[in-house]
Amino acid sequence: MNEIWIKMQSYFANSLDEYLTSLGEHISISLLSLLVAAMIGIPLGYLCIRYGRSKRWIVGIFQVLRIIPSLAVLILLIPIMGTGVRPAMTALVLLAIPSILMNTADGFEQVPKFMLETAAGMGMTQRQIFWKVKVPLAVPYILTGARTAMIEIIASATIAAKIGAGGLGGIIFTGLGLNRTDLLLVGGVSVALLSILAGVIFDLLDRIFMRYKYTGKGEKRKMRSKMKRAAAACLCMVMLISLTACGGNKDSDAKGNKEAEKSSVIRVGSKDFTEGMIVSETYALALEDAGYQVERVFDIAGSVIHTSIVNDEIDLYPEYTGTGLLSVLGMDLITDPQEVYDTVKDEYEKQFQLTWLDYSQANDGQGLVIRTDLAKELGIKTISDLQKHASELRFASQGEFNEREDGIPALEKTYGKFDWKSSKVYDGGLKYEVLSSDEADVTPAYTTEGPLADKDKFTLLEDDKHVWPPYNLAPVVRDNILKANPDIADILNAISAKMDTESITALNAKVDVDKEDYEDVASEYYESIK
């Protein structure tokens, strides 16, 4: 526990700007989502009471939307809105509306009829009855609905990081990906504290309102003055946090070198796993070294990053040739690296106005790993060798690999039947632990995973019959950015020329195995190759 505390202190000492940026983004998206949800939910709640027949279907529609997981809503919205803040806010607004709507409806419904009749008997108009009787009596219910909605929004806003909208979710997902308890605590505790703070603020608002409702006119004037000052203070605090977030981001700092200043800020994207962030950070450092201002838009889900660049939300990111061929273009399997590259380069230019720069020798594709001691004992170097000895070996599958078209079916179609001594399913995060503890001998893997750097323990087998396509790393850049800044090609091509599978594996190991920060690893690597 003491070690975790030290790591947390180190994080705040070295990454305070990054934390404040994430905190500001989380607060901003949460407050804006609540505001929009209130603007929709409160009028709809009142309409449900004013026009009783509409209540059932209005509430029903939003309850159905609420049942759908926010992450699923995000995925559905991406083709329409792209990635970033807009789809994230939309998902959060849909999550928050039902609480506000139903509590608003309940609030107006609970107004005692005798009070309305008394007000009418005193000669009050319908407008006066609405604002001076109905609204004050409904406000406590509305505040309760807003309190519930705000807490739900703050908790669910973590998923915004999955589509490049920022927030504390970025810290949490980084902690999950790197198995860093300190980052999980920083992000998780921050979200919990924000939720508690939101609850306290709404409770305070409720108390203030109740006191205001039952005081005389003179006291009300004083309380209105205090409430205005409190609202102004809250607004200033939110603006201060937002300004700190905008101004404190170290990734958007200029190099301080005016003669080297370029025509635009280059937005470098990254997928949401270790390797993607290391490579993207290396690209960013190289561009900054050449005088560019760089905005880092990291931790974007692999399923939506292509949409991000097509929608002009990022300018470049590292992609894999095999991913471009099969996942993005949906084309048939090709196994020759140069042919795959030429195909994706040509099609991306035609279809998306995107340029593939030079591809590196780093290949993060599918592979099979065996314990090194067994590989030496049985003389296994290739998958063909493995197939001959399959009956002597225990296979640790990740479940879907046994059924996936590019898994066991593809292997057996090319290499023949794999008659394993035994085959059990394990979670992908446990596979190296399972091999190390001698519970299994062989497992599927991606060819640049960090633990593979330890060749004394693990041996990556050669795919000698080329079952799997190559997944060579290369920068993908928007054509308009490359046209405006042609030297970007030379800068990034120089990086690709130095990258190979072994070096990328070693970098991944420093983060995933040795638990170093990916920024430090990328910086050290860039200094060694520039």
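How each quantity is defined
Residues numbered from 1 in each chain as written. Predicted model: local features only at pLDDT ≥ 70, side-chain atom pairs only at ≥ 80, totals over all residues. Heavy atoms only, no water. Helix = DSSP H or I, 4+ residues; strand = E, 2+ residues; numbered from the N terminus. Buried < 20%, exposed > 50% of the residue type's maximum accessible area, 1.4 Å probe, protein only. Contact = heavy atoms within 4.5 Å. Areas by Shrake-Rupley, 256 points an atom, 1.4 Å probe, with all protein chains shown as cover. Right-handed = clockwise from strand over helix to strand, strands pointing away. Pairing = 2+ DSSP bridges. Expected span 1.5 Å × (residues − 1). Phe/Tyr/Trp six-rings, centres within 6.5 Å; stacked < 30°, edge-to-face > 60°. Core = buried A, V, L, I, M, F, W, Y, C linked by side-chain atoms within 4.5 Å. Axes fitted to C-alpha atoms, helices over the stretch in contact; angles between N-to-C directions. Left-handed = near helix turned anticlockwise from the far one by under 90°. Nonpolar A, V, L, I, M, F, W, Y, C, P; charged D, E, K, R; others polar. Salt bridge = Lys/Arg side-chain N within 4 Å of Asp/Glu carboxyl O. Polar contact = N/O pair within 3.5 Å; in protein donor to acceptor, adjacent residues only side chain to side chain.

Student: If you had to explain the overall build of the protein to someone new, which residues and values would you point to?
Tutor: Counting secondary structure elements, the protein contains 22 helices and ten strands. With 530 residues in all, the protein has 48% of them scored as buried. Relative to all contacts within the protein whose residues are 6 or more apart in sequence, the contacts with residues 24 or more apart total 76%. For the protein, the exposed area adds up to about 26300 Å²; of that, 58% sits on carbon and sulfur atoms.

Student: Can you explain unusual backbone geometry? Please cite residues and give values.
Tutor: Its identity is not glycine, yet His466 carries a phi of approximately 55 degrees, on the positive side. Counting through the fold element by element, His466 comes out in the loop between strand 9 (458–460) and strand 10 (473–478). Relative accessible area serves as the criterion here: at 51%, His466 is assigned to the exposed category. Here Lys515, not a glycine, exhibits a phi torsion of approximately 65 degrees, which is positive. Within the secondary structure, Lys515 sits in the loop between helix 21 (501–512) and helix 22 (518–529).

Student: Please provide a residue-by-residue account of the pairing of strand 1 (residues 265–271), values included.
Tutor: Counting buried positions along strand 1 yields six of seven residues, so the element is predominantly enclosed. Handedness of the crossover joining strand 1 and strand 2 (residues 293–300) through helix 10 (residues 274–289) is recorded here as right-handed.

Student: Before we move on, can you summarise the pairing of strand 3 (residues 316–320) with the specific residues and values?
Tutor: For a regular strand, side chains alternate in direction, first toward one face of the sheet and then toward the other. Counting buried positions along strand 3 yields five of five residues, so the element is predominantly enclosed. Residues Leu316, Pro318 and Tyr320 point to one face of strand 3 and Tyr317 and Glu319 to the other, with burial holding for every one of them. Judged from the five bridges that link them, strand 3 and strand 10 form a sheet pairing that is antiparallel. Note on strand 10: the bridge partner recorded for Tyr317 is Val476.

Student: Hey, could you go over helix 20 (residues 487–498) for me, with residue numbers and the actual values?
Tutor: Between its first and last C-alpha, helix 20 extends 18 Å over twelve residues, near the 16 Å set by a 1.5 Å rise per residue. Turning to helix 20, its buried residues are Ile488, Ala489, Ile491, Leu492, Asn493, Ile495 and Ser496. Residues of helix 20 that are buried sit in contact with strand 1, helix 10, strand 3, strand 10, helix 19 (479–484) and helix 22.

Student: I'd love a proper account of the packing of aromatic side chains, names of residues and values included.
Tutor: For the structure shown, the criterion picks out 15 aromatic pairs. Measuring from ring centre to ring centre gives 5.9 Å for Phe108 and Phe130, while their planes differ by 5 degrees; the resulting arrangement is stacked. In this pair, Phe108 is assigned in helix 4 (residues 85–109) and Phe130 in helix 6 (residues 126–156), connecting sequence segments 22 residues apart. Residue classification places Phe108 among the buried residues on the basis of a relative accessible area of 10%. Ring centres of Tyr432 and Phe458 lie 5.0 Å apart, and the angle between their planes is 65 degrees; on these two criteria the pair is classed as edge-to-face.

Student: I'd like a description of the nonpolar core, backed by residues and values.
Tutor: As a rule of thumb, soluble globular proteins bury nonpolar side chains together. Judged by nonpolar contacts, the single largest core of 45 residues is most densely connected at Tyr19, Ile29, Leu34, Phe108, Leu168 and Ile171. Elements with a minimum of two residues in this core: helix 1 (2–50), helix 4, helix 6, helix 7 (169–178) and helix 8 (181–213). The residues touching Ile171, leaving out its near neighbours within four places in the chain, are Tyr11, Tyr19, Ser22, Leu183, Val186 and Gly187. In this structure, Phe298, Ile491, Ile495 and Tyr525 belong to the second largest nonpolar core, which totals 37 residues.

Student: Tell me about the packing of helix 21 against helix 22, and please be specific about residues and values.
Tutor: It is at 9 Å that the axes of helix 21 and helix 22 come closest, and there the two elements cross at 145 degrees. Seen from above, helix 21 lies across helix 22 with right-handed handedness. Note on element contacts: helix 22 touches helix 21 through Tyr518, Val521, Glu524 and Tyr525, opposite Ser503, Leu507, Lys510 and Val511. Residues that form the contact of helix 21 with helix 22 fall into these classes: five nonpolar, one polar and two charged.

Student: Which residues make up the pattern of salt bridges, and what are the values?
Tutor: Considering all chains together, one arrives at 19 salt bridges under this definition. The salt bridge partner of Lys350 is Asp346, with a shortest N-O separation of 3.1 Å. Remark: Asp346 and Lys350 occur in helix 13 (residues 337–352); sequence separation between them is four residues, near one turn of the helix. Relative accessible area serves as the criterion here: at 55%, Lys350 is assigned to the exposed category. By relative accessible area, Asp346 is classed as partly exposed at 37%. One salt bridge in this structure joins Glu449 and Lys431, with 3.0 Å as the shortest N-O distance. One end of the pair, Glu449, is in the loop between strand 8 (442–446) and strand 9; the other, Lys431, is in helix 18 (residues 431–436), and 18 residues separate them in sequence.

Student: Provide a residue-level description of the environment of Thr158, including the pertinent values.
Tutor: Within the secondary structure, Thr158 is located in the loop between helix 6 and helix 7. Along the primary structure Thr158 and Val191 are separated by 33 residues, whereas in three dimensions their C-alpha atoms are 8.3 Å apart. The residues touching Thr158, leaving out its near neighbours within four places in the chain, are His26, Gly169, Ile172, Phe173 and Val191. One polar contact links the side chain of Thr158 to the main-chain carbonyl oxygen of Ala155, over a distance of 3.1 Å.

Student: Give me the environment of Thr104: which residues, what numbers.
Tutor: Its place among the elements puts Thr104 in helix 4. Each C-alpha atom, one on Thr104 and one on Tyr141, is 6.2 Å from the other, the two residues being 37 residues apart in sequence. Residue contacts for Thr104: discarding those within four places in its chain leaves Gly41, Ile42, Gly45, Tyr46 and Ile142. A distance of 2.6 Å separates a polar side-chain atom of Thr104 from the backbone oxygen of Ile100.

Student: Provide a residue-level description of the side chain of Arg371, including the pertinent values.
Tutor: Within the secondary structure layout, Arg371 lies in strand 5 (residues 366–371). Judged by relative accessible area, Arg371 falls into the buried class, the value being 11%. Here Asp441 takes part through its side chain, which lies 2.6 Å from a polar atom of the side chain of Arg371. When sequence neighbours within four positions are dropped, the list of residues in contact with Arg371 reads Arg394, Leu435, Asp438, Ala440, Asp441 and Lys457.

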